[in-house]
There are 4 protein chains.
Amino acid sequence: MIDARVAASFGKQSMMASLGAELVAAGDGACVIRAPRLAQFGQQHGAAHAAVAFALGDSAAGYAALTLLPQGQEVMTAEMKINLLSPAMGDAFEAVGEVVRAGRRLTVVRAEVFALSGETRKSIALLQGTMIGV
Amino acid sequence: MIDARVAASFGKQSMMASLGAELVAAGDGACVIRAPRLAQFGQQHGAAHAAVAFALGDSAAGYAALTLLPQGQEVMTAEMKINLLSPAMGDAFEAVGEVVRAGRRLTVVRAEVFALSGETRKSIALLQGTMIGV
Amino acid sequence: MIDARVAASFGKQSMMASLGAELVAAGDGACVIRAPRLAQFGQQHGAAHAAVAFALGDSAAGYAALTLLPQGQEVMTAEMKINLLSPAMGDAFEAVGEVVRAGRRLTVVRAEVFALSGETRKSIALLQGTMIGV
Amino acid sequence: MIDARVAASFGKQSMMASLGAELVAAGDGACVIRAPRLAQFGQQHGAAHAAVAFALGDSAAGYAALTLLPQGQEVMTAEMKINLLSPAMGDAFEAVGEVVRAGRRLTVVRAEVFALSGETRKSIALLQGTMIGV
């Protein structure tokens with residue numbers, strides 16, 4: 001299932017296009033985004049820069065929040081915290097975002113980012129933050 | 001002043017090149033990075049995606065830490081927290097990173113990211129996190 | 001199950017005694033702590049101060065980490081982030097900590113704190129942070 | 001200078017009284033709180049528990065925010081991140097909170113907590129977070 005508002009917003013984010021990201025699922029307070037590991041977004045050792053995991057995790061968390069916001073609102077990140085668990089190697093990444101608590105004014109979210117290599121799926125980053133409807 | 005180790009590491013980060021980022025200063029526990037606002041890294045309203053402020057702030061903070069690490073070590077982000085203060089508009093961004101405490105095992109860092117528009121310099125993000133030497 | 005090292009350390013924390021906290025379980029990368037809501041640790045409206053949820057969540061997360069550290073090591077909090085989800089009312093609190101990733105140098109942890117009222121168990125805080133063995 | 005609203009709210013927090021905390025200054029987006037190191041709030045080695053630095057830093061940051069909120073509003077912590085820099089030893093603690101950005105809906109704050117020993121003032125914790133007016 002892909003929420004129509006999320007799909008429309010995702011399609012307007014040039015960052016998602018630049019990352020080669022694909023919206024896999026969005027609905028009911030959850031969202032999944034996938035993207036290949038691209039050579040142009042590496043850190044000094046060839047792994048993806050921490051900002052790639054941040055971009056995917058933050059977007060998955062934000063779009064998870066958007067699925068529960070009132071019609072006509074858009075979502076913005078107020079703050080986000082990321083713990084990096086492993087180097088961002090692998091062929092591709094999958095970010096899974098979810099709403100922890102949808103409040104009247106703030107939505108608390110969480111995301112986990114995985115590196116995909118063949119059949120393997122390894123957790124590389126954990127995010128926790130706050131989204132706000134605008 | 002630009003620390004030689006930071007310059008070498010910065011030059012190997014394809015992410016920094018993709019962002020058009022320039023290393024302005026690095027030494028004595030501080031680092032400054034500048035980058036233009038590029039159309040291909042936007043969110044749905046044309047402002048830069050939060051991941052751009054994250055990428056620049058995290059890198060400025062990490063390289064601030066690297067200037068104080070023992071020779072032969074490299075720097076990795078263990079965790080980073082970002083509060084977004086204003087939409088990332090403007091012509092360019094400047095990230096200023098600094099070491100708050102250089103411990104034996106962990107380095108606590110801070111960064112602030114500014115949007116530059118003509119003569120104006122507006123704070124758009126504040127980061128606080130932990131770097132580790134490897 | 002209660003890990004012997006955790007029990008010994010918990011017994012030496014005067015903070016845990018002052019909060020009336022009880023160690024309910026500790027082992028295999030997880031820990032549960034319970035405490036009554038005490039009048040002397042309130043904020044201005046009578047709910048418990050945010051520092052109570054922090055104290056219980058941080059300790060549950062830290063002791064979860066300790067169960068996986070090598071013998072002879074102790075655990076310290078390097079950093080911790082807390083999102084407050086609801087006012088800390090209720091009769092008592094339960095903090096559930098777990099290890100997300102036990103690395104060689106850092107342990108990434110998570111905790112959730114619940115308010116207990118009769119049969120009800122309501123999530124009031126979510127924590128994510130980094131523990132270090134010393 | 002001590003803002004009257006902050007003084008009234010501080011006086012109602014039983015947590016501040018239990019910590020022996022004193023409101024030293026509050027006004028214009030800043031706040032200073034001092035408290036002795038009390039034996040009953042220690043961790044397993046006799047230093048103060050991380051929750052003490054959290055309680056003082058979070059309160060100083062929150063009251064800094066309150067000085068800038070519209071009359072009739074109260075302040076609540078939405079989220080807070082703490083990096084612990086040094087063991088919380090010393091005779092007393094001083095927490096200095098400040099507003100980084102007062103937005104229409106959210107106030108971004110920062111605090112630093114110091115351990116005081118005779119003439120020495122050592123930074124032991126750094127906090128960054130989000131306050132909300134209610």
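Each remark here, short or long, concerns the structure printed above.
Anyway, here's the lowdown on the structure attached to this text.

Thresholds, definitions, all that
- Per chain, the residues get numbers from 1 upward, laid out in the order the sequence is written.
- For this description, chains carry letters from A and ligands carry numbers from 1, given in the order in which they are written.
- Confidence filtering applies because this is a predicted model: local features only for residues at pLDDT of at least 70, side-chain atom pairs given and counted only at 80 or more, and all residues used for totals across whole chains, interfaces and linings.
- The basis for the side-chain values is all heavy atoms of the structure; hydrogens and waters are excluded.
- Helix and strand assignments follow DSSP, with helices taken as H or I runs no shorter than four residues and strands as E runs no shorter than two, numbered in order from the N terminus.
- Burial classes: relative accessible area under 20% of the type maximum marks a residue as buried, over 50% as exposed, and values in between as partly exposed (1.4 Å probe, protein chains only).
- Only four residue types enter the tally: Lys and Arg on the positive side, Asp and Glu on the negative side, with His and both chain ends excluded.
- For salt bridges, the criterion is a side-chain nitrogen of Lys or Arg within 4 Å of an Asp or Glu carboxyl oxygen.
- For this analysis, a polar contact is any N or O atom pair within 3.5 Å, provided that within protein one partner can donate a hydrogen and the other can accept it, and provided that sequence-adjacent residues contribute only side-chain to side-chain pairs.
- Whether two residues touch is decided by their heavy atoms; if any such pair falls within 4.5 Å, the residues are in contact.
- Between the rings of Phe, Tyr and Trp (Trp by its six-membered ring), a pair exists once the centres lie within 6.5 Å; its type follows the angle of the planes, with under 30 degrees stacked, over 60 edge-to-face, and the other angles tilted.
- Strands qualify as paired when DSSP identifies two bridges or more between them.
- When the copies are superposed, the least-squares fit takes in the C-alpha atoms of residues with a pLDDT of at least 70 in both.
- Here a cavity denotes grid points, spaced 1 Å and computed from the protein atoms alone, that fit a 1.4 Å probe unable to get out, and a pocket denotes an open set having protein on both sides within 12 Å along at least 5 of 7 lines; residues with an atom within 4 Å of a point are the lining.
- Grid points are joined across faces, edges and corners, and a volume is the space filled by probe spheres set on the points.
- Residue polarity follows a fixed list, in which Ala, Val, Leu, Ile, Met, Phe, Trp, Tyr, Cys and Pro are nonpolar, Asp, Glu, Lys and Arg are charged, and the others, Gly among them, are polar.
- Note on patches: the residues involved have over 30% relative accessible area and no salt bridge, like charges join within 9 Å, and the nonpolar side chains Val, Leu, Ile, Met, Phe, Trp and Tyr join within 5 Å.
- Here the open area of atoms and residues is found with the Shrake-Rupley method and a 1.4 Å probe, where only the protein chains shown may cover a residue.
- A single reference atom marks each charge: NZ on Lys, CZ on Arg, CG on Asp, CD on Glu.
- Every axis in this analysis is a line fitted to C-alpha atoms, fitted for helices over the stretch in contact. Angles between the N-to-C directions lie between 0 and 180 degrees.
- We define buried area as the total accessible area lost by two parts upon association, computed with a 1.4 Å probe and summed across both.

**Digging into the side chain of Asp 3 of chain C**
Residues and elements named next belong to chain C.
1) Next: If you trace the backbone, Asp 3 turns up in the segment before α1 (4-12).
2) Next: In this structure, Asp 3 is buried with no salt-bridge partner, the nearest side chain bearing the opposite charge being Arg 5 at 4.4 Å.
3) Next: Looking at Asp 3, its side chain comes within polar contact range of the main-chain nitrogen of Arg 5, at 2.9 Å.
4) Next: Ignoring anything within four residues of it in the chain, the contact list for Asp 3 reads Ala 26 and Thr 67.

**Re unusual backbone geometry**
1) Next: Here Asp 28 of chain A, not a glycine, exhibits a phi torsion of approximately 55°, which is positive.
2) Next: Given a relative accessible area of 68%, Asp 28 of chain A falls into the exposed group.

**Observations regarding the packing of aromatic side chains**
Ring pairs (aromatic) are described by centroid distance and by the angle formed between their planes.
1) Next: Here the structure, examined in full by the defined rule, presents 8 aromatic pairs over all chains.
2) Next: For the pair Phe 10 of chain A and Tyr 63 of chain A, a centre-to-centre distance of 6.2 Å together with 50° between the ring planes defines the contact as tilted. Residue Phe 10 of chain A is located in helix α1 (residues 4-12), and its partner Tyr 63 of chain A is located in helix α3 (residues 50-66); the two are separated by 53 residues in the primary sequence.
3) Next: Given a relative accessible area of 2%, Tyr 63 of chain A falls into the buried group.
4) Next: When the ring of Phe 41 of chain A is compared with that of Phe 41 of chain B, the centres are 6.0 Å apart and the planes differ by 75°; the resulting orientation is edge-to-face.

**Thoughts on the pairing of strand β4 (residues 92-102) of chain B**
Here is the key point about a regular strand: its side chains alternate between the two faces of the sheet.
All names here are of chain B.
1) Next: Pairing geometry for strand β2 (residues 30-36) and β4, over 7 bridges, is antiparallel. When the bridges of β4 are listed, Arg 34 appears paired with Glu 94.
2) Next: Bridge count between β4 and strand β5 (residues 106-117): 10 bridges; the pairing is antiparallel. Bridging from a neighbouring strand, Val 99 pairs with Val 109 of β5.
3) Next: Once β4 ends, the chain turns through 3 residues before running back antiparallel as β5.

**Some words on the relation of the copies chain A and chain C**
The operation relating the pair of chain copies consists of a rotation about an axis and a translation along that axis.
1) Next: Rotating chain A by 180° about the axis while translating it 0.0 Å along that axis superimposes it on chain C, leaving an RMSD of 0.0 Å. This pairing of chains is accounted for by a two-fold axis.

**Observations regarding empty space enclosed by the protein**
1) Next: Inspection of the entire model under this criterion finds 5 cavities of 30 Å³ or more.
2) Next: Of the voids in this model, the largest cavity is the one considered here, and its volume is about 70 Å³.
3) Next: Here the lining of the largest cavity is composed, by residue class, of 12 nonpolar, no polar and no charged.

**Let's talk about the pattern of salt bridges**
1) Next: Per the counting criterion, the structure on display carries 20 salt bridges over all chains.
2) Next: Notably, a salt bridge pairs Glu 79 of chain B with Lys 81 of chain A, separated by 3.8 Å at the nearest N-O pair. Of this pair, Glu 79 of chain B sits in strand β3 (residues 75-84) while Lys 81 of chain A sits in strand β3 (residues 75-84), on two different chains. There is no split in this pair, since Glu 79 of chain B and Lys 81 of chain A are both buried.
3) Next: What you see here is one network of salt bridges that share partners, running through Glu 79 of chain A, Lys 81 of chain B, Lys 81 of chain C together with Glu 79 of chain D.

**Some remarks on a positive patch on the surface**
1) Next: Residues Arg 104 and Arg 105 of chain A together with Arg 104 and Arg 105 of chain D make up a contiguous surface patch of positive charge.
2) Next: Mapping Arg 104 of chain D onto the fold places it in the loop between β4 (92-102) and β5 (106-117).

**Overview of the sheet that holds strand β6 (residues 120-133) of chain C**
1) Next: In space, the 12 strands of this open sheet follow the order β1(C)-β2(C)-β4(C)-β5(C)-β6(C)-β3(C)-β3(D)-β6(D)-β5(D)-β4(D)-β2(D)-β1(D), with antiparallel pairing throughout. Of all strands in the sheet, those with a lone pairing partner are β1 (22-27) of chain C together with β1 (22-27) of chain D, marking the two edges. Each strand of the sheet is rotated relative to its neighbour by a mean of 20°, with strand direction disregarded.
2) Next: Of the strands in this sheet, β1 and β2 (30-36) of chain C are in contact with α1 of chain C, which crosses β1 of chain C at around 150°.
3) Next: Running at roughly 40° to β4 of chain D, helix α3 (residues 50-66) of chain D makes contact with β3 (75-84) of chain C together with β2 (30-36), β3 (75-84), β4, β5 and β6 (120-133) of chain D of the sheet.

**Brief notes about the relation of the copies chain B and chain A**
1) Next: For the match of chain B to chain A, the screw axis carries a shift of 0.0 Å, the RMSD comes to 0.0 Å, and the turn is 180°.
2) Next: With an isologous cut-off of 70% or more, the 100% of interface residues of chain B that recur at the interface of chain A puts this contact in the isologous class.

**Here we look at the interface of chain B and chain A**
1) Next: Of the residues lining the interface, 33 residues belong to chain B; the matching set on chain A comes to 33 residues.
2) Next: Taken over both partners, the interface formed by chain B and chain A buries close to 2600 Å², and the fraction arising from carbon and sulfur atoms is 56%.
3) Next: Per-residue buried area on chain B facing chain A is highest for Met 15, Gln 44 and His 49 of chain B; these three make up 23% of the total on that side.
4) Next: On the surface where chain B and chain A come into contact, there are 2 salt bridges.
5) Next: The interface formed by chain B and chain A includes 22 residue pairs in polar contact (both at pLDDT 80 or more).

Function cannot be read off these values alone, since they describe shape.
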